[in-house]
Amino acid sequence: MFSLLNIRVGFYLAVRQLRRSSRWTTSLIIFVMLLTFLNLVVVTGILVGIVEGITDQFRIQQVGDVMISPLATKDFIENSAQVLSFIKTLPSVERVAARYTAGGSLEANYLTRSGDEKPNKTGISLVGIDPAEENGFSGIASLVSEGRYFEAGDYDAVILGPQLIDRYSFGEMPGLVPLKEVYPGTKVRLTLGGNTREVVVAGILEVPANSPLAMLVFMPEAEVRELIGRTDYNQMAILLAEGADPVAFRDLLLRSGIGAHAKVQTFEESIPNGIAEVKDTFAMIGNAISSVGLVVAAITIFIVIFINALTRRKFIGILKGIGISGEAIEFSYIFQSLFYAVIGAGLGLLILYGFLVPYIGANPIELPISNAILVAPAPDTAFRIALLVFTTIIAGYIPARMIVRKNTLDSILGRN
Amino acid sequence: MIEVKNLVKTYVNGPIETHVLRGIDLKVTDGEWVAIMGRSGAGKSTLLYQMSLLDEPTDGLVVIDGREVHTLSEQEKMRFRLYTFGYVFQDYALLPDLTALENVALPLLMEAMEPAQAAGKAKTALERVGLSHRLGNLPSELSGGEQQRASIARAIAERPAILFADEPTANLDRESSNVIMKLFKELHREGQTIVMVTHEDEYAAAAGRVVHLDDGRIVSEKANV
């Protein structure tokens with residue numbers, strides 16, 4: 001019978017059993033619960049964090065909080081100068097990176113190849129940037145791992161994304177033939193529209209394969225303007241001040257009439273299609289792995305409580321013999337399971353939010369695909385704690401019930 | 001009053017049937033002290049278990065104060081064991097994780113008594129059996145005699161209608177056994193109904209009546225003067 005009296009007596013018994021149980025056994029069970037909790041939260045959190053890492057790269061390195069790009073019918077942002085000037089006057093704007101983009105090709109072996117040798121040539125996306133503004137926006141200079149970033153007065157210099165370089169690339173793919181024997185200082189031939197120019201590789205970036213910068217070629221904007229023969233930009237990435245609402249900012253730009261000249265999108269609207277699906281897929285994989293961990297924890301608790309109840313079968317018989325209700329005895333085991341789960345999850349929470357989340361946030365795990373962080377939103381964590389506690393209670397209750405249901409006298413006398 | 005009518009207990013193990021009780025008729029009136037004796041395997045403990053609702057008879061009736069108790073639900077039997085009976089077992093049957101005080105207080109808590117009141121009653125019962133200095137000790141820290149006295153304190157803390165004792169002195173030395181029997185005599189003088197299984201004539205002699213069992217049957221009954 002579910003009554004307060006049974007709960008009270010069950011709690012009384014549980015507290016005393018826990019207080020006088022082996023500290024080693026208790027610590028071991030709590031440790032298992034702690035690992036289970038971390039498994040539940042961290043595995044999914046890291047998998048989601050990989051996708052967050054990818055999307056974060058897009059935000060930090062390319063899109064910002066709001067992105068302005070050409071209308072579908074145009075190749076560039078009309079009235080770029082006025083649009084840029086207007087944006088820079090808005091108080092919620094932290095930084096703006098205006099860029100030119102153009103498709104072209106880059107050839108590596110044009111100086112050394114023999115007549116019948118195949119040109120080592122690849123298609124590229126060239127990005128013309130203001131080196132100082134771009135570095136202020138995305139910190140691109142810190143990503144240069146070989147060579148150097150642009151310096152004042154640089155001319156005929158490019159910085160390459162790693163996927164364009166043979167030794168860093170995943171390999172050939174349609175439209176991309178990684179360049180061989182290209183190092184800082186190597187001369188390469190840039191073709192853009194009808195113009196061909198010999199340029200020097202100033203530096204090579206070190207970014208994960210999924211970074212938006214991985215396959216780009218950067219060049220100071222003044223030279224790109226010359227090559228493409230126009231002054232209107234193709235992209236304006238806007239980073240907002242902390243606390244500013246990107247949706248409200250987008251709406252402000254649209255109300256100001258910029259929508260007539262360009263497409264205005266928040267970061268969420270502009271990230272590539274499929275990223276959300278990838279995120280959901282990773283979360284599902286994480287949940288599947290975590291479920292296995294949960295089942296293992298449930299079995300562990302079941303075995304622990306079952307052995308505990310089995311070795312105490314005589315005392316369970318005595319309890320029933322002196323008139324303690326079966327429900328109160330069952331509650332005592334439920335409370336013990338609850339204790340293990342709550343303490344394990346509590347320690348897990350301390351480790352999670354006290355160490356793992358801030359540490360991995362500050363030092364993302366470097367993976368080939370992206371830099372992963374640990375994503376553990378409080379509602380998701382609360383749900384997982386509830387799941388762990390519920391599973392543990394069931395795993396504790398079932399074996400206790402099995403033993404309590406046995407014949408009282410058989411239990412007291414240790415008969416089967 | 002307890003009345004046992006044609007009580008039969010048979011254990012079946014595959015094709016083997018063991019007849020432990022073969023039709024017992026016995027009455028124990030209120031305030032009476034009955035000692036059940038017999039050689040090993042005579043069925044004396046089995047009879048006690050049937051009378052005290054710890055086991056189910058194969059046949060026959062156990063009637064307590066006019067109620068046929070083996071037809072009660074498990075819940076009602078639990079309440080009977082809690083409110084009406086007190087138990088003293090041969091191996092003391094104390095709970096190892098509970099102190100002497102907690103062991104005695106536990107059934108009182110199950111009776112919905114407030115913790116402070118239960119602790120007070122438990123303390124009084126333990127003082128009565130001479131364990132006022134051992135309230136906070138675990139059973140493992142008590143001698144055999146002290147454990148049995150704690151067990152008696154648990155059984156009598158709430159003045160049960162019937163006290164069942166299964167060989168309460170079997171595991172004790174002579175000195176401790178005498179202390180236990182002295183306690184039983186005091187309880188009996190106060191009107192406590194006692195049903196005690198023993199194989200020692202000396203202690204059975206303290207009871208008001210001695211029932212001898214052999215091969216599952218009562219072979220003799222003798223009132224002590």
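Just so it is clear, the model here is predicted, and its values are computed rather than measured.

Chemist: Help me get a handle on the overall build of chain B, residues and values and all.
Modeler: When its secondary structure is counted, chain B shows 7 helices and 10 strands. Taken over C-alpha atoms, the radius of gyration comes to 17 Å for chain B, in line with the 17 Å a tight globule of 225 residues would show. Across its three principal axes, chain B shows a C-alpha extent of roughly 50 × 40 × 35 Å. Taken across its 225 residues, chain B has 56% of its residues classed as buried. Taking all contacts inside chain B whose residues are at least 6 apart in sequence as the whole, residues at least 24 apart take part in 68%. About 9,300 Å² of surface is accessible on chain B, with carbon and sulfur atoms providing 48% of the total. On chain B, the mean spot of the 24 positive side-chain charges and the mean spot of the 33 negative ones are 3 Å from each other.

Chemist: Describe helix α9 (residues 313-321) of chain A, listing the residues and the values that go with them.
Modeler: Taken across its 9 residues, α9 of chain A has 7 buried, putting it largely inside the fold. The first or second residue beyond α9 of chain A is Gly323 of chain A, which carries a positive phi of 100°.

Chemist: Would you mind going over the interface of chain B and chain A in detail, with residue names and values included?
Modeler: At the junction of the two partners, chain B supplies 30 residues and chain A supplies 30 residues. Taken together, the two surfaces of chain B and chain A that pack against each other cover about 2,500 Å², and 64% of this comes from carbon and sulfur. Per-residue buried area on chain B facing chain A is highest for Asp97, Leu106 and Met110 of chain B; these three make up 24% of the total on that side. Linking chain B with chain A are 5 salt bridges. Between Asp91 of chain B and Lys314 of chain A there is a salt bridge; the shortest N-O distance is 2.5 Å. Here chain B is connected to chain A by 7 residue pairs in polar contact (both at pLDDT 80 or more). Secondary-structure elements contributing two or more residues to the side of chain B that touches chain A are α2 (74-83) and α3 (100-110) of chain B. Among the elements that take part in the side of chain B that touches chain A, α3 of chain B stands out by supplying 6 residues, more than any other.

Chemist: Would you mind going over the sheet that holds strand β1 (residues 2-13) of chain B in detail, with residue names and values included?
Modeler: Residues and elements named next belong to chain B. On the basis of which strands lie adjacent, the open sheet formed by 4 strands has the order β2-β1-β4-β5 and antiparallel pairing. If you trace the sheet from one side to the other, it starts and ends with β2 (16-28) and β5 (67-68), each paired once. Of the pairings in the sheet, the one linking β1 to β2 comprises 10 bridges and is antiparallel in character. Paired with Ile2 across the bridge in β2 is Val28.

Chemist: Explain the nonpolar core residue by residue, including any values.
Modeler: Among the nonpolar cores identified, the biggest contains 119 residues, and Ile324 of chain A together with Leu47 and Phe184 of chain B are the most heavily contacted of them. Beyond its immediate stretch of four places on either side in the chain, Phe184 of chain B contacts Trp33, Val88, Ile152, Leu163, Ala165, Pro168, Ile194 and Met196 of chain B. By size, the runner-up hydrophobic cluster in this structure holds 42 residues, among which are Ile77, Leu164, Leu179 and Met219 of chain A.

Chemist: If you had to explain the packing of aromatic side chains to someone new, which residues and values would you point to?
Modeler: The description of an aromatic ring pair rests on the distance of the ring centres and on the angle between the ring planes. This model, assessed by the stated rule, comprises 13 aromatic pairs over all chains. Between Phe302 of chain A and Phe306 of chain A, the aromatic rings sit 6.0 Å apart at their centres with planes inclined by 10°, giving stacked as the arrangement. Linking Phe302 of chain A with Phe306 of chain A, this pair stays in helix α8 (residues 275-311), spanning 4 residues, or about one helical turn. A relative accessible area of 27% means that Phe302 of chain A is categorised as partly exposed. Using a relative accessible area of 25% as the deciding quantity, one classes Phe306 of chain A as partly exposed. An aromatic cluster is defined as three or more aromatic residues linked by ring pairs; in this entry it consists of Phe80, Phe85, Tyr87, Phe89 and Phe164 of chain B.

Chemist: How would you sum up the domain arrangement of chain A? Please name residues and give values.
Modeler: All names here are of chain A. Splitting chain A by domain gives domain 1 (4-58 + 275-413) and domain 2 (66-243). The gap between the C-alpha centroids of domain 1 and domain 2 is 51 Å. At the interface, 8 residues of domain 1 touch 5 residues of domain 2. Both faces combined, the contact of domain 1 with domain 2 buries some 510 Å², and carbon together with sulfur accounts for 60% of it. At the surface where domain 1 touches domain 2, the tally comes to 0 salt bridges.

Chemist: Any chance you could break down helix α5 (residues 144-156) of chain B for me, citing the residues and the numbers?
Modeler: Between its terminal C-alpha atoms α5 of chain B stretches 18 Å, which fits the 18 Å expected from 13 residues at 1.5 Å a residue. Counting buried positions along α5 of chain B gives 12 out of 13 residues, so the element sits mostly inside the fold. When we look at burial in α5 of chain B, the residues that qualify are Gly145, Glu146, Gln147, Gln148, Arg149, Ala150, Ser151, Ile152, Ala153, Arg154, Ala155 and Ile156 of chain B. Buried positions along α5 of chain B lie against α9 of chain A together with β6 (85-88), α3, α4 (115-128), β7 (162-166) and α6 (174-189) of chain B.

Cut-offs used in this document
- Residues numbered from 1 in each chain as written.
- Chains lettered and ligands numbered in written order.
- Predicted model: local features only at pLDDT ≥ 70, side-chain atom pairs only at ≥ 80, totals over all residues.
- Heavy atoms only, no water.
- Helix = DSSP H or I, 4+ residues; strand = E, 2+ residues; numbered from the N terminus.
- Rg over C-alpha atoms; globule rule 2.2 N^0.38 Å.
- Buried < 20%, exposed > 50% of the residue type's maximum accessible area, 1.4 Å probe, protein only.
- Contact = heavy atoms within 4.5 Å.
- Areas by Shrake-Rupley, 256 points an atom, 1.4 Å probe, with all protein chains shown as cover.
- Lys, Arg positive; Asp, Glu negative; His and termini not counted.
- Charge placed at Lys NZ, Arg CZ, Asp CG, Glu CD.
- Buried area = accessible area lost by both parts, 1.4 Å probe.
- Salt bridge = Lys/Arg side-chain N within 4 Å of Asp/Glu carboxyl O.
- Polar contact = N/O pair within 3.5 Å; in protein donor to acceptor, adjacent residues only side chain to side chain.
- Pairing = 2+ DSSP bridges.
- Core = buried A, V, L, I, M, F, W, Y, C linked by side-chain atoms within 4.5 Å.
- Phe/Tyr/Trp six-rings, centres within 6.5 Å; stacked < 30°, edge-to-face > 60°.
- Domains from an automatic or database assignment.
- Expected span 1.5 Å × (residues − 1).

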